[in-house]
Amino acid sequence: MDKEESGMCRRSHVLVFPFPVQGHINPMLQFSKRLASKSLKVTLSTPIYVAKSSPPLVGSVSVHTFSDGREEEGAKEESYDSYIERFKVIGSKTIAALVEKYSGTNSPINCIVFDSVLPWAADVARRLGMVGASFYTQSLAVNAVYFHVQSGKLSLPVSSHVSLPGLPVLESHDLPSFVVHTESYPGLLKLVLSQFSNLDGTDLLLFNTFDKLEEEVLDWMGKQWPAKTLTIGPTFPSMYLDKRVEGDEDYGLHLFKPDTGTCMSWLDKKEAGSVVYASFGSLASLGDEQMNELAMGLKTSGNPFLWVVRATEENKLPSKFAEEVSASEEGLVVTWCPQLDVLSHKAVGCFLTHSGWNSTLEALSFGVPMIAMPQWTDQTTNAKYVEEVWKVGVRVHVDEKGIIGRDEIKHCINEILEGERGKEIKSNAAKLREFAKEAVDEGGSSDKNIEKFIETLVSKLQ
Ligand code: UDP
């Protein structure tokens, strides 16, 4: 970048607008920090409760907050459908007001990076004369499936296996659950399909993945929108890939309070590669019987385990389980942890995960083998890739009652930590870690794409 361009960068002001759930806030905040580290001014706008315990600056990203009514004491329980509609109205007004606030200052907003599930934001960007970039928080494979449905090439419900360009054959248990069980969450199905409804009105498409991870499907997707498709992941702070970029530290926006001290000092006392880290992310909820089987599987596997059980799930644990395993030093149960620190700790030997896209990307970028226990939404497709495409983990078998039994959990843990298959899995995971590092390193595919994104902004300023 020459001097003139870098001056232009400093004049670019990007407004980042995620849908307020943890799995969307995290990658979009990290992307914001990456842009800020390249001299752009970045403002991330989010509802008040998301940022309640954060300073107005996260790294060098300004955090703007607005009310969506949820922070109020006793805010009413609301369906996703109704919230999504309300969020559209509040979101459009918020974006317009922010653009207005900065116009006439020396840092007017000239780009809106919006969550792909908020495609109406492309119209707002266009109307206000901004560059509009849609940020996709799922894998390219999952995006491709949704795109095929949205464009009418795959009809709903998808009930048998499908063969789509750039993807392995997907059985119904590998497909994103919303396109198979269409009656379960009609509002969420509409939301995920809407991601491809306003592509003509969108200038750039940003995907949180990297080229070598999803080469075949990227090849196909890239041909659909050649000038717009940019892979920019993995987005987490570069310090976790042995680099330190100023302003890129892990100051997060946590919806739950991490128990950092307890987790890290507990891990510090464990042998390298011995710990099973188990977590189901910010939304998934397991049934009582499943929680019990999981608890017994972890306890009897013979390996120390760190298990994140959110406060709303704690009542499903067997009585006194957390106290007993902690006293016997078999395990530690916490309500939330600093996952990036945990996954990058040398004591962690495998990750028993719900296979959310961020968790999957984080684990494979750190070279941590996975036990995939998908629950819903895109997790099933991620699990398929983990086991069969990248071969960096195993997927649990579900019994005829729909339960993953304690013996199956023990078996998977042992297979990864001690079995022959585990050796190959660990070696594949180590290779993917190198590819992830390469992608975000200076001149790597994702780094170059971030530069292209910036060049687009700069060219529109000239
Ligand atoms: N996470 C965390 N602490 C935890 C559990 C999860 O910081 O105890 C973070 C994790 O690093 C990831 C995000 O929360 O970035 C979860 O996103 P994912 O897509 O994996 O799952 P979701 O919550 O959307 O189902």
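What counts, and where the lines are drawn
- Residues numbered from 1 in each chain as written.
- Predicted model: local features only at pLDDT ≥ 70, side-chain atom pairs only at ≥ 80, totals over all residues.
- Pairing = 2+ DSSP bridges.
- Helix = DSSP H or I, 4+ residues; strand = E, 2+ residues; numbered from the N terminus.
- Contact = placed C-beta atoms within 7 Å.
- Axes fitted to C-alpha atoms, helices over the stretch in contact; angles between N-to-C directions.
- Buried ≥ 20, exposed ≤ 12 C-beta atoms within 10 Å, placed from the backbone.
- Near = placed C-beta within 6 Å.
- Nonpolar A, V, L, I, M, F, W, Y, C, P; charged D, E, K, R; others polar.

(A) Layout of the sheet that holds strand β5 (residues 111–115). One open sheet holds the 8 strands; their spatial order is β3-β4-β2-β1-β5-β6-β7-β8, and the pairing between them is mixed. Looking at strand neighbours, the two that pair on one side only are β3 (57–58) and β8 (229–231), the edges of this open sheet. Relative to strand β4 (residues 61–66), β3 runs antiparallel, the two being bridged by 2 bridges. In the strand pairing of β4, Leu57 is matched with Ser62. Contacting β1 (13–17), β2 (41–47), β4 and β5, helix α3 (residues 80–102) crosses the sheet at an angle of about 165° to β1.

(B) Inspection of unusual backbone geometry at higher detail. Here the residue pair Leu156 and Pro157 is connected by a cis peptide bond, since its omega of -15° sits within 30 degrees of zero. Along the chain, Pro157 turns up in the loop between α5 (140–150) and α6 (177–180). In this structure, Pro234 follows Gly233 across a cis peptide bond, with omega equal to -5°. Mapped onto the fold, Pro234 is located in the loop between β8 and α9 (260–268). You will see that Ser39, though not glycine, has its phi angle at about 80°, which is positive. Note on placement: Ser39 falls in the loop between α2 (22–37) and β2. The partly exposed category is assigned to Ser39, around which 17 C-beta atoms lie within 10 Å. Residues other than glycine seldom take positive phi values, yet Ser355 does so here, at roughly 70°. Among the structural elements, Ser355 can be located in the loop between β12 (348–353) and α13 (357–365).

(C) Local environment of the site of the ligand. Among the 19 residues in the neighbourhood of the ligand, the closest are listed as Gly23, Gly281, Gln339, Gly356 and Ser359. Elements that contribute at least two residues to the shell around the ligand include exactly α2, α12 (339–343) and α13. Residue composition of the shell around the ligand, grouped by class: 8 nonpolar, 10 polar and 1 charged.

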